[in-house]
Amino acid sequence: MLILFFTFLSGRSSNEVSKVAVISTNPLIRLYKNCITSQQQFNIMKLAKERLVEDTNSGFSWSLYLRDKRDANLEILREIAMLAGNLSGLPWKLAEPVSLTKYTANQNYDLHYDSGFITQGKKMKRAATFLLYLNSVAQGGETIFPRSINGSHVSHNPLQNEKPLLKEICCDEKVLKVVPEARSCLVFFNHLINEQYHGDLNPRSIHGSCPVINGDKWIAQVWLHHEAWGSNVTDFW
């Protein structure tokens, strides 16, 4: 059982309280409760339901990367991007477009890294990942970090196998898993941090999404950078 200790964040404009817990120190993972308002939740869910139509279903999820420049002017997406920048400490203007995803029963995302792959002839270096849970999932759908190190208040143990099978670890109570809870945000850092913030990919940042057992899982994601990261959409916001 994971026991989280939260501290309060100040400076919120609404009467709702946001709380944060450091649930891993390697990689650094922070979990925020109530990081968006109920109205923001309604707005982004409405957009997700409009956009995630049948042709966005890949088989393992329904997903859409909102790269259309017109979306950069949507207030709710700008609010999400700015929140991602604020919670990660990274410039939101260098964030990638918001990605919307829905998982239905039995859908999952195998263990993977969010950074370090080659695109447009160069290695992508996503400094941090911002993940917003748009709803609470009845059962399953946890975000799992099988190689994270317990250096926080949360009790969990890393697996030694570099890339274990997802189906084998989602039932392991000793592995760090984050249960989807509506309006919560997860921020984790994909690289080893050095003085220039340009460290190598952190092998412990490998993560995945456990199968949804009951209900649906809706999320929004933003990937953040320290510097310009590609052509055409670098100035998206």
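On a predicted model such as this, the values are computed, not experimentally measured, just so you know. (Residues numbered from 1 in each chain as written. Predicted model: local features only at pLDDT ≥ 70, side-chain atom pairs only at ≥ 80, totals over all residues. Heavy atoms only, no water.)

Draft legend 1. How the structure looks around the packing of aromatic side chains. One pass over the full model with this rule turns up 5 aromatic pairs. Here Trp92 and Trp237 contribute two aromatic rings whose centre-to-centre distance is 6.2 Å and whose plane-to-plane angle is 55°, an arrangement assigned as tilted. Of this pair, Trp92 sits in the loop between helix H2 (75–88) and strand E5 (99–103) while Trp237 sits in the segment after strand E16 (217–224), and the two are 145 residues apart along the sequence. The exposure class assigned to Trp237 is buried, which follows from its relative accessible area of 9%. Through pairs of rings, three or more aromatic residues link up here, namely Trp92, Phe236 and Trp237. Residue placement shows Lys102 over the ring face of Trp62; its charged tip is 4.1 Å from the ring centre. For the cation-ring pair, Arg126 lies above Trp223, with the distance from its terminal atom to the ring centre recorded as 3.9 Å. (Phe/Tyr/Trp six-rings, centres within 6.5 Å; stacked < 30°, edge-to-face > 60°. Helix = DSSP H or I, 4+ residues; strand = E, 2+ residues; numbered from the N terminus. Buried < 20%, exposed > 50% of the residue type's maximum accessible area, 1.4 Å probe, protein only. Lys NZ or Arg CZ within 6 Å of the ring centre and 35° of its normal.)

Draft legend 2. Representation of the sheet that holds strand E12 (residues 176–178). Pairing within the open sheet is antiparallel, and its 4 strands lie in the order E6-E14-E11-E12. Only two strands of the sheet have a single partner each, and these edge strands are strand E6 (109–112) and E12. Here the strands of the sheet are splayed against their neighbours by 15° on average, with no regard to which way each runs. Inspection of the sheet shows strand E11 (residues 143–145) paired to strand E14 (residues 207–209) by 2 bridges, in the antiparallel sense. Along E14, the bridge assignment pairs Thr143 with Ser209. (Pairing = 2+ DSSP bridges. Axes fitted to C-alpha atoms, helices over the stretch in contact; angles between N-to-C directions.)

Draft legend 3. Focus on the pattern of salt bridges. Using the criterion set out here, one finds 5 salt bridges in the structure. In this structure, Asp68 engages Arg70 in a salt bridge whose closest nitrogen and oxygen atoms are separated by 2.6 Å. On the accessibility criterion, Arg70 (65% relative accessible area) is exposed. Note that Glu96 and Arg126 form a salt bridge whose closest N and O atoms lie 2.8 Å from each other. Here Arg126 lies in the loop between strand E8 (122–123) and strand E9 (128–133) and Glu96 lies in the loop between H2 and E5, a separation of 30 residues in the sequence. (Salt bridge = Lys/Arg side-chain N within 4 Å of Asp/Glu carboxyl O.)

Draft legend 4. How the structure looks around the nonpolar core. Within the largest apolar cluster, 37 residues are counted, with the highest numbers of intra-cluster contacts made by Leu100, Phe130, Leu132 and Trp237. Broken down by element, the residue count for this core peaks at 7 residues, all from H2. Contact partners of Leu132, with chain neighbours within four places excluded, come to Cys35, Ile36, Ile80, Arg183, Ser184, Cys185, Trp218, Ile219 and Ala220. Residues Val137, Val178, Leu186 and Val212 belong to the second largest nonpolar core, which totals 15 residues. (Core = buried A, V, L, I, M, F, W, Y, C linked by side-chain atoms within 4.5 Å. Contact = heavy atoms within 4.5 Å.)

Nothing here speaks to function; it is geometry throughout.
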